[in-house]
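Spelled out, the chains give:
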Amino acid sequence: RLAVSTRQQILRAAAHNFARLPFHQVGIDRVLAEAELTKGAMYFHFRAKLDLALAVIEEQSALAAEVAAELLARKLSGLETLIEFSYQLAVHDLSDETCRAALHLVESMGRTDDLRTDLLESWTDNLALAVRRAVGEGDVFEDCDPHDVALLLVSLYMGLRQTSDLDQAQQFLGDLEKTWVLVLPGFVRPERIDYFRQFAKRRTAIVLTSVSSMTGST
């Protein structure tokens, strides 16, 4: 039990730093000073800083898988599930340091260390399930490849993190809603577009209230 507690203590300190600084700027001494632990305690759990980064990403992967599974089990339509997943991810990105740290790590070092594979491929696979449901429900065009649509949505979210501002919840969520407004006509039947645009608009308002209460900001 103590070992588990120590490991989580190290991970929390690491996430706090990785959420604010690129991988190469985060030093082990800085993490350990914040965690109030020795190098011996860290090396018992993690051999190097890379292993620490991987553990942060793995925690986020597990969380994202749980969120996706829970949403797929709810009585939402496939396309509602896709939109809801993006907003649930935004909630964690805006308010949870582990999520933000993991996605920062994927962005800053994923290309060179192949850290993006498991996390982003898992997201894509789960979202593709929702796209298939949406095709079956008649909301998404039949000739759309579910994996291609899912990959597009993952790419759009990761790109939004670069062009918007995660420290401004209202701006980030507004930009997320604009993204949905613009992308829906690419794969959604015309007669259903307005409904899902309104669905995204409602999610923006609800999630903004939720995030504001968690972070004390707007």
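Just so it is clear, the structure is predicted and the values come from calculations on it, not from any experiment.

Enquirer: I'd like a description of helix α5 (residues 78-95), backed by residues and values.
Expert: Every α-helical turn comprises 3.6 residues, leaving residues that sit three or four positions apart pointing alike. Given a rise of 1.5 Å per residue, 18 residues ought to cover 26 Å, and the 26 Å separating the end C-alpha atoms of α5 matches this to within 8%. Burial within α5 is extensive, with 15 of its 18 residues counted as buried.

Enquirer: Can you explain the packing of α5 against helix α9 (residues 169-183)? Please cite residues and give values.
Expert: Contact geometry of α5 with α9 gives a least axis separation of 11 Å together with a crossing angle of 160°. Taken together, the axis directions place α5 and α9 in an arrangement best described as roughly antiparallel. Considering how the two elements wind past one another, α5 and α9 form a crossing that is right-handed. For the pair formed by α5 and α9, the contact residues are Leu-82, Ile-83, Ser-86, Tyr-87, Ala-90 and Leu-94 on the first element and Ala-169, Phe-172, Leu-173, Leu-176, Glu-177 and Trp-180 on the second. Looking at the contact of α5 with α9 residue by residue, the classes come out as 10 nonpolar, one polar and one charged.

Enquirer: Report on unusual backbone geometry, specifying residues and quantitative values.
Expert: Glycine aside, residues mostly have negative phi, and peptide bonds are mostly found in the trans state. Although it is not a glycine, Glu-36 adopts a positive phi angle of roughly 60°. Relative to the assigned elements, Glu-36 resides in the loop between α2 (28-35) and α3 (39-45). Judged by its relative accessible area of 69%, Glu-36 falls in the exposed class.

Enquirer: Please give an account of a negative patch on the surface that cites residues and values.
Expert: Together, Glu-58, Asp-118, Glu-121 and Asp-125 give the surface a local cluster of negative charge. If you tally residues by element for the negative patch, the top one is helix α7 (residues 116-136), at three residues. Residue classification places Asp-118 among the exposed residues on the basis of a relative accessible area of 62%.

Enquirer: Outline empty space enclosed by the protein, supporting the account with residue identities and numerical values.
Expert: Counted according to the given criterion, the structure contains three cavities of 30 Å³ or more. Within this model, the largest cavity holds a volume of roughly 170 Å³. Taken together, 15 residues make up the lining of the largest cavity; nearest its centre are Ser-86, Leu-153, Val-154, Tyr-157 and Trp-180. For the lining of the largest cavity, the secondary-structure elements that each account for two or more residues are α5, α7, α8 (146-163) and α9. Ranked by residues supplied to the lining of the largest cavity, first place goes to α8 with five residues. Taken together, the residues of the lining of the largest cavity sort by class into 13 nonpolar, two polar and no charged. Approximately 50 Å³ is the volume attributed to the second largest cavity. Ala-68, Leu-71, Leu-72, Thr-81, Phe-85, Asn-126, Leu-127 and Ala-130 together form the lining of the second largest cavity. Taken together, the elements giving at least two residues each to the lining of the second largest cavity come down to α4 (49-73), α5 and α7. Classifying every residue of the lining of the second largest cavity by side-chain character gives six nonpolar, two polar and no charged.

Conventions used here
Residues numbered from 1 in each chain as written. Predicted model: local features only at pLDDT ≥ 70, side-chain atom pairs only at ≥ 80, totals over all residues. Heavy atoms only, no water. Helix = DSSP H or I, 4+ residues; strand = E, 2+ residues; numbered from the N terminus. Expected span 1.5 Å × (residues − 1). Buried < 20%, exposed > 50% of the residue type's maximum accessible area, 1.4 Å probe, protein only. Axes fitted to C-alpha atoms, helices over the stretch in contact; angles between N-to-C directions. Parallel < 35°, antiparallel > 145°, perpendicular 65-115°, else oblique. Left-handed = near helix turned anticlockwise from the far one by under 90°. Contact = heavy atoms within 4.5 Å. Nonpolar A, V, L, I, M, F, W, Y, C, P; charged D, E, K, R; others polar. Patch = residues over 30% accessible without salt bridge, like charges linked within 9 Å, V, L, I, M, F, W, Y side chains within 5 Å. Areas by Shrake-Rupley, 256 points an atom, 1.4 Å probe, with all protein chains shown as cover. Salt bridge = Lys/Arg side-chain N within 4 Å of Asp/Glu carboxyl O. Lys, Arg positive; Asp, Glu negative; His and termini not counted. Charge placed at Lys NZ, Arg CZ, Asp CG, Glu CD. 1 Å grid on protein atoms, 1.4 Å probe; cavity = no way out; pocket = protein on both sides within 12 Å on 5 of 7 lines; lining within 4 Å. Points joined across faces, edges and corners; volume = space filled by probe spheres on them.

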